[in-house]
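# Coordinates in review
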Amino acid sequence: MNTTGPRYSRITGTGSHLPPRRLTNDDMVSMLVARGVETSDAWIVERTGIRARHFAADGVACSDLALAASRAALQAAGRHAEDVDLIIVATSTPDMVFPSTAAILQHKLGIAGPSGCPAFDLQAVCSGFVYALAVADAMIRAGGASCALIVGAEIFSRILDFDDRTTCVLFGDGAGAVVLEASGEPGILASDLHADGRHVGILCVPGTVAGGRVSGDPLLKMDGPAVFKLAVGVLDSAARAVLAKAGRTEADLDWLIPHQANIRIMQSTAKKLKLAPEKLIVTVDEHGNTSAASVPLALDVAVRSGRVQRGDTVMLEGVGGGFTWGAVLLDF
Ligand code: ACO
């Protein structure tokens, strides 16, 4: 890149990985009926748009999914792991309490060592990838990195309560990654991030580790209708804010890739932006809600299917526990 002009960041490659075990809604029905929990394919499809999800096998760690997605993104960018000078992993289901999954990923990529690049996790639940992209963009523009690996990776199947039908049918496992590089051309046009900690209780895993054992409930709790109501409002406000910051309008958008939690929330966001339905990238049907992995997974699917092309204007949006939300607008 030109070293004298303005410095921006741009996505140069995308990758993703889904664990091979795919469960349809009917598979979930069979699994839950055996526990005395009633649900149906019809209910899940009608309320959420989800038809299937992937679950990681026992022994597979979040960093393993992150590694596969990272390798695919590096290959797409034409980069080697040795080129990476910053790693951020967005996750709520890390390998360990500490160290970070990003540090473990750095080691698995074969680039750990005495002058290893910075590597850290970012915890903003389902908004994590959008947060991480905005942080990496700021670091690159400030000259702190030139070739960043940004990953969203989750194994939510390990924190689900399979006796709670209101949550366990919604989530899946997976990982998505992008390589974000310094560029003389934007790239990332603007970002808009928010959190409102008053809503901690509507979506949380309240347990922790204390005194050598799990203290409190280590499984996911969600007040679905409360999250739904908040999500619809904040996704709309973040979309408008990020467009205004970038000096663009809804008419400039080629693609909307919102957090893949519920088709009804996604369609409502697209409708408010007066976006044609085909400009909404949908993977929730096949992946379920993969939390921080959902946006980069959907981006990679859209890129590899030939829909998102170089130069397209794309809006990424996240919303989740915290309550957190945000949007990133970019020219791909
Ligand atoms: N199968 C059958 N029936 C069910 C199931 C199920 N799996 N789950 C709930 N029901 C029943 C309920 O018991 C209730 O029955 P009742 O009327 O007899 O009491 C009925 O269905 C309706 O329940 P609601 O919770 O009101 O259903 P709603 O239409 O709100 O859909 C849902 C629930 C899908 C969870 C929705 O609220 C939602 O998607 N919320 C947002 C989730 C989200 O966006 N999360 C993003 C962030 S995720 C993160 O950050 C980790």
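Procedures and definitions
Residues numbered from 1 in each chain as written. Predicted model: local features only at pLDDT ≥ 70, side-chain atom pairs only at ≥ 80, totals over all residues. Heavy atoms only, no water. Helix = DSSP H or I, 4+ residues; strand = E, 2+ residues; numbered from the N terminus. Rg over C-alpha atoms; globule rule 2.2 N^0.38 Å. Buried < 20%, exposed > 50% of the residue type's maximum accessible area, 1.4 Å probe, protein only. Contact = heavy atoms within 4.5 Å. Areas by Shrake-Rupley, 256 points an atom, 1.4 Å probe, with all protein chains shown as cover. Lys, Arg positive; Asp, Glu negative; His and termini not counted. Charge placed at Lys NZ, Arg CZ, Asp CG, Glu CD. Near = heavy atom within 4 Å. Polar contact = N/O pair within 3.5 Å; in protein donor to acceptor, adjacent residues only side chain to side chain. 1 Å grid on protein atoms, 1.4 Å probe; cavity = no way out; pocket = protein on both sides within 12 Å on 5 of 7 lines; lining within 4 Å. Sits in = over half its atoms within 2 Å of the grid points. Axes fitted to C-alpha atoms, helices over the stretch in contact; angles between N-to-C directions. Parallel < 35°, antiparallel > 145°, perpendicular 65-115°, else oblique. Left-handed = near helix turned anticlockwise from the far one by under 90°. Pairing = 2+ DSSP bridges. Points joined across faces, edges and corners; volume = space filled by probe spheres on them. Nonpolar A, V, L, I, M, F, W, Y, C, P; charged D, E, K, R; others polar. pLDDT = per-residue confidence, 0-100. Core = buried A, V, L, I, M, F, W, Y, C linked by side-chain atoms within 4.5 Å.

## Describing the overall build of the protein chain
- Counting its secondary structure elements, the protein chain contains 10 helices and 15 strands.
- For a compact globule of 332 residues, the expected C-alpha radius of gyration is about 20 Å, and the protein chain comes in at 19 Å, within 12% of that figure.
- Across its three principal directions, the C-alpha atoms of the protein chain cover 65 × 50 × 40 Å.
- Within the protein chain, the fraction of its 332 residues that count as buried is 53%.
- Pairs at least 24 residues apart make up 77% of the contacts formed inside the protein chain by residues separated by at least 6 positions.
- Summed over its atoms, the accessible surface of the protein chain is roughly 13600 Å², and 54% of this surface lies on carbon and sulfur atoms.
- One finds the centroid of the 29 positive side-chain charges in the protein chain at a distance of 3 Å from the centroid of its 35 negative side-chain charges.

## Quick look at the site of the ligand
- If you check the shell around the ligand, you find 26 residues, and the closest are Thr39, Arg47, Cys126, Arg165 and Asn262.
- Taking arginine 165, its main chain carries an N or O atom lying 2.8 Å from a nitrogen atom of the ligand.
- Relative to its free-state accessible area of 1000 Å², the ligand is covered by the protein chains to the extent of 75%.
- Structurally, the ligand is housed in the largest pocket.
- Of all the secondary-structure elements, those providing two or more residues to the shell around the ligand are helix 2 (41–48), helix 6 (165–168), helix 7 (224–246), helix 8 (263–272) and strand 14 (313–320).
- Sorting elements by how many residues they give to the shell around the ligand places helix 7 first, with 4 residues.

## A look at the packing of helix 3 (residues 62–77) against helix 4 (residues 101–108)
- Contact pair helix 3 / helix 4: the axes reach a minimum separation of 9 Å and the direction vectors enclose 55 degrees. Considered as vectors, helix 3 and helix 4 are oriented oblique to each other. Between helix 3 and helix 4 lies a crossing of right-handed hand. Residues Cys62, Ser63, Asp64, Ala66, Leu67, Ser70 and Arg71 of helix 3 form the contact with helix 4, whose participating residues are Thr101, Ile104, Leu105 and Lys108.

## Things to note about the sheet that holds strand 14
- Read across the sheet, 4 strands follow the order 8-15-14-13 without closing on themselves; strand pairing throughout is mixed. Each having just a single partner strand, strand 8 (188–195) and strand 13 (255–258) make up the two edges of the open sheet. Ignoring strand direction, the axes of neighbouring strands in this sheet form an average angle of 10 degrees.
- Bridge count between strand 14 and strand 15 (residues 324–331): 8 bridges; the pairing is antiparallel.

## Remarks on the layout of surface pockets
- Looking at the largest pocket, its volume works out to about 1200 Å³.
- Lining the largest pocket are 48 residues, with Phe156, Ile159, Cys204, Val205 and Leu220 positioned closest to its centre.
- Per element, the largest residue contribution to the lining of the largest pocket is 5 residues, and it comes from helix 7.
- Class assignment of the residues belonging to the lining of the largest pocket gives a composition of 29 nonpolar, 15 polar and 4 charged.

## Thoughts on the confidence of the model for the protein chain
- Residues with a pLDDT of 70 or more make up 99% of the protein chain, whose mean pLDDT is 97.
- Strand 10 (residues 208–210) is the least confidently modelled element of the protein chain, averaging 94 in pLDDT, while strand 4 (residues 86–90) averages 99, the highest of any element.

## A word on the side chain of glutamine 106
- Take glutamine 106: it is sitting in helix 4.
- Residue class for glutamine 106 comes out buried when judged on its relative accessible area of 9%.
- Excluding residues within four positions of it along the chain, glutamine 106 makes contact with Ile87, Ile111, Ala112, Gly116 and Cys117.

## Here's the deal with the nonpolar core
- Counting residues in each nonpolar core, the largest one holds 46 residues, and the members touching the most others are Phe162, Leu253, Leu256, Leu273, Met315, Val319 and Phe323.
- Elements supplying a minimum of two residues to this core: helix 1 (25–33), helix 7, helix 8, strand 14 and strand 15.
- If you tally residues by element for this core, the top one is helix 7, at 9 residues.
- Formed by 35 residues, the second largest nonpolar core is a distinct cluster that contains Ile140, Ile150, Val178 and Val328.

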